[in-house]
Structures are given as C-alpha cells and as structure tokens.
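Here's the letter readout for the chains.
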Amino acid sequence: DQSGIAWELDEALASQCGYTVIYSHWSNIEFHASALSCYSRLEKDVFVVTIQIKASHAPDMKNATTHLKTASCYYGPWSPRELLCESNYMEVSVEREIPQTLKDFIQDELEDWTLAFPEAKTGEASIWQTVFHQPEEKKALLMSNAWSAGYGLNITDTRVLLRIPYTAAQIQLVEDQGITFSAVRSSTFYKQRWNIVMVNTAVACPVDGVDYTNKTIIWTVPKYIQLLSAGATSFKDVLVEAGVDLRKLSAKEMASRKYVLSNDLNAITVKIPIGAEGGYYKTFVNSGQHGAKYTINLFLEHQWEDNKWGLTKHTIIKEIETPFEQGELVITKNSNLSLRLMNVTVGTFLADVELVNLTIEGTTVAVPEAIQHGYLTYDIRYANGSKAYVIEVSLDAPSIKKEYMTEDMRAYTLNVTLEFITHPTSETFGVPVITVSIVKDAVLPSARGFCDGKNLHLVITHGNVDQNWLPFISDWHLTPEAAQKYNYSLRNNDTHLTISVPFLSSHMNYEDLNASGIKASFHLTLKDGITLANRRDFSVSCIFSPSELLQCLPNGTVIITAVKLVRVADLNTSLLVLRDRQCKPSLVTEKTATFKFNVNTCGTSRKFSSTTMAYENDVLYFEPGNDTPAYQLKFVCWYAIKQTVDVQYESKKNPPPSIEPGFGYLALSLKLFKEKSYLEPYQESEYPVVKYLRESLYFEVELLQPKDPRLELNLEDCWATNSQNQDSLPQWPILINGCENSEDPYRTVFHEVNYSLRVKIPQHLKRFEVKIFTFVQGTTLLQE
C-alpha cells in the first residue's frame, strides 16, 4: 500500500480488493489489478501498483527471496459507467455527479429511499449505504458492514465503485437470451448535508454461453441485458473489441489467427479454432489416461450509448477451457538388431510432461537408476515445443523375455511401464510399452549317439533356446527319479544332457532281428517346459549282437529274451510261449519276455555233431484261433562234447554251516558321490569339495576283495575328525555300533543298495547320507 505495508494476498482479499492471480500453463503466474483496486494509486489517469513477491523452494518459505515490482498503466478516459467481469469478482464503477434519477426509473425506488432515509436522517454526513435488491427482500448494509461481508467499496473524488466476489450471498443467477448471468442489483446511497444521492450499482457477468462445435470455440454474449438497461429506451453500439491475455487484437491480427468476431442486433459472438495461436494446450489425467485441454484467456469489450447512462463500457475477461480429450500415443520401434538393441520411441507429449519412473518386471525404478537395469532413456524435443521419449535396452538384458519361435528365430519381448508426471499439477499416468522383435539367432540343441555293446548313449549339446525344455520318452517325463527307477543314467549340466539306456529296457524300440544282429533304437523328445509342445526330436540306433538275448549256462539252463519288434505293434509279450506251449515267460515287460528253462524241457530238440551238441527251441506267438505262429524266434545252444570236468564227490554228510571270527586282509573303498542316485562319484581332481551347512554328503563303502557272495559288509563305527589324522581331536561319531548317533540333530540316513549293472553283489556295499556340519570350540568355528 502507499504506506509500504505488504498485505498477503489470499483469495478473499483478492476478490474484495480487485486482484486476480492466475496460475497459467506450465509454471507461469499472472497478476491482474483493477485500476481502482484497494492499494493502487491513481495519478492523472495513470494507476500504479507495487507488488512484493516472495519465492522459495520450500513449502515453509525457508530461505525465501523477496522481489519488489512496480507496474503502472495509463487508463482513460473513463466512461460514466464501467462494468468489469474478472474470473473471481464483478466490478461496477459509476461517476458520482450523475443526473437526478427519473421518477419512473424503477418501480420501487421510493422503497429504496425509505430504506435509506432513516440512516441518512439520523446519521452523520458522508455516510454510505448499499441496498441489495433480492426478489423476496431488500438488504441494506453500511459501508463498514459491507466491507466486513467481503464486498469492496471505493469512493474517489469522481467515482463510486462496488466490487462483488462471485461467492457473495447477494448474487442471483438470471437468464437473458438463453445465457445465464451472475448478477447483483443494488443501489448505493450517499448522504451529504441535506441531500441523499442514490447511485445505481447493478452489475451482471455471463456465466456460460460457451459452446464447442467442429473444433471451434463459440462464445456468445447477449447485448443490452435487462438488468443493465433499465430506464433506457434507445441504444447505439460504440465499440466492440476482443483480445487475448488482456491485449486487444486488430482485425488483421484476428484474421491471421482465424478468429471471428461478429456483432449482430442482440449478441456478440467470438469464434476461435481450437488450437489457434493465443491459447495453449495443457496435459490432464482422467481415470489414469492422459489427455489435453486447450485453454485461451479471452476478453471482450463492449461500449454502447443509451439515453439513460450515456456511455457504458462492459469488459468481460474469460478463461475458456475445452473439454478433456484423451491423447493418442504412438509407440514406434526403431530397433538396431545388428547391435542387439531394442529402441522404442513413445510420444508425443506436451512440454509439461516428464518421464520419472520405469516399472521393470514389477519393480519401479527412477529414470536415473534405470541404467543399472540396462535401460537408457532420453527425450527428443520438437520445434512446436512437444517432445517424445526414447527407451533403449539391450536384447540381452535380464528383463527382456526371450522365446523360441521356429527354425532359427527367437522373439524378444520388451515389457515396461513408463510413469509420467505433469507440471505443475503433479498428476501421474502410466503408459505400458510392449514390443516384440524377431531375431534370427536361435541355436537349437544338437545330439550325437553311440553304443558300447550293453548300453545306448545319447549326448545332447545345449543351444540357447532349450533352457526350459524337458526330456520326454513318448509322454513320459524323464526325471532323475524316473531314470533311476528304470536303471537309466541321466546327467545334465550347463552344456550337455547325457542319457544312457540299457539294451534291454522298457523304452527301447527293436526294429529288426536276424542272425547278424538286432537293430535297436531309442527316441527322445524335448518339450517346452510350460506348454509341453514338441520342440526337438532325437533318435539313435545301434546294432547289438544276438548273443545279448541268449545265455546257455553250463548246467543246461537256458535264458532267452524275446523282443517285440516295431512292425508287430499289437503283439502281447505275455502270450509268448516255447514249443511246449505250457512253457511261459518268467519275466514280462511291454517289449520283452524272458524264458528260463532246462534243455531237457519245453520241447527242446537236441542234435549232435562230431564236436558239439546243439539244443534248439523257438519262441512263438499265436493269434487266437490260429495254429500258425505270427511270430517265431529260433535259438540254439551249442555245447562242446569232448570236454573233461573233474568232480570231487564225498558221500559223508556235510556238517551244518558255522560262523567263526577270523582275521584277514579285506580290500575296501570309501567314495563320496554327487547325488542320491549314487551314479557319479567325485573324482580325485574335484577335491576339495565345497559344500554348505546342512547340505547332504552321499557316502558309499564297498568291499572290493574277496568277491565272495557269502560275505556281507557291515559298518561298526564311523566318525569325523578335524584333520586327516583319524585319531586327532575333536571327533564326532557318525555311526556307533552300526547305528545312527542318537545325539545328532541331523541323523545319518542309510540308503538301500539294489542289484544293477555296477552292483553285482549288493551285500558288499553300504550307503549312507550325512548332513554337513562344522566343529565349534567355545563360540569359535574351526574352519580347517
């Protein structure tokens, strides 16, 4: 003010004193002051306003900087009546020396006088009073009371001013020509000596009248509305001008911007193309979706003459904001596959939008931190002020999903959500970005197969697409547990998958059988671990000796295994018989039948030569009701005739077997195995073996010599020491008298030993499992 006191400007003081603060697009702040505002100085049609601005980065205004700015404007000449419609208040100012009101001006003027008269009659000189005319009553307020109620009253030497906030209680909504006005009808009285002067201080401002058609803003303002034209009978337009941001535009400027200002008998219409120069777009967020509104700060000045007031100037300042229009984003893929980079452009955005976060695999990271996840982000600025954002990431980044397609193609999927913020409103919205690049870089697994006479081996070299592929035999998943059940060997590491299958096994296919050999094949399919779709088929075939099917034992026992050939798929192996159809197989699988019999039974025939004796028989399969075999496998056992065998025989009765303690040398081994299947021991080069607490160690003790099946190996005591000396201390017992240590919280577990290709005498082996522990002395771990 003129005394140098700074009054903090809040919404109530601003609308009462004639100030408007607008936070316009992005970060600009506009300050409007009425020529007759509370703290302006009017000097010969120049009004001066001094503003103090405090700025701080902190909400508590800590370390604020203070700026003092003085603005001055020439304003004149004044019209007898001036009406101003601002965004937060209405204002009317009238010349004080006005002609005496006509008797037929307003029907109830006498009531106004009688209302004012008691105050005027008994009060002091220079008392001001405003009477508000409501449909149901009239309310009189002294100047001091009106000020307390939020109204602004100002009296200069020449003018009377009334300022009314839009929140005032006395405001009425009236309609004129279909347009709603915010209006106040009031009279202001002034008592001076023996005279009472009445001033009509009615004011009206349009509330609506804005329409949006064909991408055009249409603003209609009626002329000569009833409330402002009471008592006048003739009208004449003097001036109609429009502008943007409080600056009047010439006809040439308006045409260049494609604005249209039309003035007809009853209304003034302003047409502005949405997006035209003078307005601006601002980003908004609606239900999580971003879009924009176009805003333009128009003003309209209408001056007319009538036979009541003379010249009236009506100025309307109106901020027009178009409805929310959802934005359309274009996501453009510009990947450089030769450099193994995915590059995506997302845009365009207005300049008030900023990328702040990326959500990668469910984790939200700020833009500066995204580089640690392999994501480089930057923006592209365009000449019109808009911008786009670029996301660049390597194909080999962990968050890029890699999926095998067909042949040698892989699909790389980028799935990231971009989170944006708008300034200065701090609204947020997310944009999901999902894009796929097809790259010709798939390396499929390859395989080689070989046989060793007893087993068929398949070695698969991993590619770069089969990390989650699973081995299947038909529809049977070949897990380590399943492989152990069928006595198969299955080993898998980062580079290879190795499978070994015995010649006589349930999943072998027998394609041909003749005197020169048996053609056997093994088929394996790699399937997708999620969809179980077939991805890769492998097959290996070998010729095995027919002798693998036949054992001719010296005591005359014959063991023959018949195999089911692929070409006789409907053969039931359990129905196979020998020549004597009463001789049935002793062991049957889906693809094999094993017979065990003596050469003197089952219809076996015998032939002699000079040196050998041959026993012949057939394995036969008869279809029901048919005596001609559908399957015939002929086999022969030859025995040498001229052979001497010494047999010692005593007729005395054998004494019962006895067990006596004795001493001798036994060859034993203690081995540590890699897993519970006991298929692969650690080699000498792999020691020392690194394990963690409570991981399992799998031990096997084997009696190597003598190979006497009558012997059985039993473990009596087993203990662990802290050094290679078995007598060193401390010690911890693993087995005590052949049993687990009952004081051990993780007890030793024994594993059963069964017959297999490697284990000929199961009772010569003992297997047990121990959990890793460490020795402790006091509270110190002994790390040796």
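Note that the coordinates shown come from a computational prediction; the quantities given were computed from them, not determined experimentally.

Concerning the overall build of the protein chain
- Helix and strand counts for the protein chain come out as seven helices and 60 strands.
- The C-alpha radius of gyration of the protein chain comes to 52 Å, more than 25% above the 28 Å expected for a compact globule of 784 residues.
- In terms of its C-alpha atoms, the protein chain occupies a principal-axis envelope of roughly 170 × 75 × 50 Å.
- For the protein chain, with 784 residues in total, the buried portion stands at 41%.
- Within the protein chain, residue pairs in contact and separated by at least 24 positions form 56% of the contacts whose partners lie at least 6 positions apart.
- Surface summary for the protein chain: the accessible area is close to 45600 Å², and the carbon and sulfur share equals 52%.
- The average position of the 72 basic charges and that of the 91 acidic charges among the side chains of the protein chain differ by 6 Å.

Here we look at the packing of aromatic side chains
- Inspection of every chain in the model, using the stated rule, returns 25 aromatic pairs.
- In this structure an aromatic cluster arises from ring pairing among Phe-349, Tyr-389, Phe-420 and Phe-429.
- Directly above the ring of Tyr-89 sits Arg-163, whose terminal nitrogen or CZ lies 5.7 Å from the centroid.
- Over the face of the ring belonging to Trp-309 we find Lys-308, whose NZ or CZ atom lies 4.9 Å from the ring centre.

Describing the sheet that holds strand 21 (residues 260–263)
- Spatial ordering of the open sheet is given by 17-18-22-21, a layout of four strands whose pairing is antiparallel. Two strands lie at the open edges of the sheet, namely strand 17 (210–213) and strand 21, each paired on one side alone. Neighbouring strand axes in the sheet, compared pairwise and without regard to direction, differ in orientation by 20° on average.
- Strand direction decides the pairing type here: strand 21 and strand 22 (residues 267–273), joined by four bridges, are antiparallel. By the bridge assignment for strand 22, Asn-263 is matched with Ile-268.

Some words on the domain arrangement of the protein chain
- Once the domains are mapped, the protein chain shows domain 1 (11–77), domain 2 (209–325), domain 3 (328–439), domain 4 (446–544), domain 5 (547–640) and domain 6 (667–781).
- Taking the mean C-alpha position of each, domain 1 and domain 3 sit 44 Å from one another.

Overview of the pairing of strand 43 (residues 517–528)
- Counting buried positions over the 12 residues of strand 43 gives 10, a clear majority of the element.
- With four bridges connecting them, strand 38 (residues 469–473) and strand 43 associate as antiparallel partners. Across the sheet, residue Pro-471 finds its bridge partner in strand 43, namely Leu-526.
- Here strand 42 (residues 509–514) runs beside strand 43; their pairing, made up of five bridges, is antiparallel. Within strand 43, the position partnered with Tyr-510 by the bridge is Ala-520.
- Counted along the chain from strand 42 to the antiparallel partner strand 43, the turn is two residues long.
- Pairing of strand 43 with strand 44 (residues 534–544) involves 10 bridges; the strand directions are antiparallel. Paired with Leu-526 across the two strands is Arg-536, which belongs to strand 44.
- In this antiparallel pair of consecutive strands, strand 43 and strand 44, the connection spans five residues, and Leu-532 shows a positive phi of 60°.

So, the pattern of salt bridges
- According to the stated counting rule, one finds 32 salt bridges in the structure shown.
- The salt bridge involving Asp-528 is made with Arg-535; its shortest N-O contact spans 3.4 Å.
- A residue is classified by how much of its surface remains accessible, and Asp-528, at 15% relative accessible area, is buried.

Side note on the nonpolar core
- Ranked by internal contacts, the top residues of the largest apolar core, which has 52 residues, are Phe-522, Leu-576 and Val-619.
- In this structure, this core is formed jointly by two domains, domain 4 (446–544) and domain 5 (547–640), each of which donates at least three residues.
- Excluding residues within four positions of it along the chain, Phe-522 makes contact with Leu-456, Leu-458, Ile-473, Ile-499, Val-501, His-507, Met-508, Phe-538, Ser-539 and Val-540.
- Core analysis: the second largest hydrophobic core is formed by 47 residues, Trp-128, Leu-141, Tyr-151 and Ile-272 among them.

As for the state of the cysteines
- One pass over the structure, following the stated rule, counts five disulfides.
- In this model Cys-17 forms its disulfide with Cys-38; the gap between the sulfur atoms is 2.2 Å. Torsion about the S-S bond of the Cys-17 and Cys-38 cystine: about -90°, corresponding to left-handed handedness. You can see Cys-17 sitting in helix 1 (residues 11–17) and its partner Cys-38 sitting in the loop between strand 2 (29–33) and strand 3 (41–43), a full 21 residues away along the chain.

Examining the sheet that holds strand 3
- If you trace the three strands from one edge of the open sheet to the other, you get 3-4-5, paired in antiparallel fashion. The sheet is open, and its two borders are formed by strand 3 and strand 5 (65–74), each paired with just one other strand. The sheet shows a mean angle of 25° between the axes of neighbouring strands, taken without regard to direction.
- In this sheet, strand 4 (residues 46–55) lies alongside strand 3 in antiparallel orientation, the contact comprising three bridges. Across the sheet, the residue bridging to Leu-42 is Phe-47, located in strand 4.

Considering the side chain of Glu-91
- On the secondary structure map, Glu-91 appears in strand 7 (residues 89–95).
- Side chain to side chain, Glu-91 and Ser-34 meet in a polar contact 2.9 Å long.
- Look past the residues within four positions of Glu-91 in its chain and what remains in contact with it is Ser-34, Glu-82, Leu-83, Leu-84, Leu-161, Leu-162, Arg-163 and Val-203.

Some thoughts on the side chain of Asp-528
- Note on placement: Asp-528 falls in strand 43.
- Reaching out from Asp-528, the side chain makes a polar contact with the side chain of Arg-535 at a distance of 3.4 Å.
- Here Asp-528 is in contact with Asn-468, Trp-469, Ala-533 and Arg-535, once residues within four sequence places are set aside.

Some details on the confidence of the model for the protein chain
- Per-chain confidence: the protein chain averages 87 in pLDDT, with 94% of residues scoring 70 or above.
- Counting contacts from residues 98–114, a segment whose pLDDT is below 50, to residues more than four positions away or on other chains yields 26 contacts.
- Taken as a whole, residues 116–126 scores under 50 in pLDDT and shows 15 contacts with residues more than four places along the chain or in a different chain.

Scoring rules and cut-offs
- Residues numbered from 1 in each chain as written.
- Predicted model: local features only at pLDDT ≥ 70, side-chain atom pairs only at ≥ 80, totals over all residues.
- Heavy atoms only, no water.
- Helix = DSSP H or I, 4+ residues; strand = E, 2+ residues; numbered from the N terminus.
- Rg over C-alpha atoms; globule rule 2.2 N^0.38 Å.
- Buried < 20%, exposed > 50% of the residue type's maximum accessible area, 1.4 Å probe, protein only.
- Contact = heavy atoms within 4.5 Å.
- Areas by Shrake-Rupley, 256 points an atom, 1.4 Å probe, with all protein chains shown as cover.
- Lys, Arg positive; Asp, Glu negative; His and termini not counted.
- Charge placed at Lys NZ, Arg CZ, Asp CG, Glu CD.
- Phe/Tyr/Trp six-rings, centres within 6.5 Å; stacked < 30°, edge-to-face > 60°.
- Lys NZ or Arg CZ within 6 Å of the ring centre and 35° of its normal.
- Pairing = 2+ DSSP bridges.
- Axes fitted to C-alpha atoms, helices over the stretch in contact; angles between N-to-C directions.
- Domains from an automatic or database assignment.
- Salt bridge = Lys/Arg side-chain N within 4 Å of Asp/Glu carboxyl O.
- Core = buried A, V, L, I, M, F, W, Y, C linked by side-chain atoms within 4.5 Å.
- Disulfide = S-S within 2.5 Å.
- Polar contact = N/O pair within 3.5 Å; in protein donor to acceptor, adjacent residues only side chain to side chain.
- pLDDT = per-residue confidence, 0-100.

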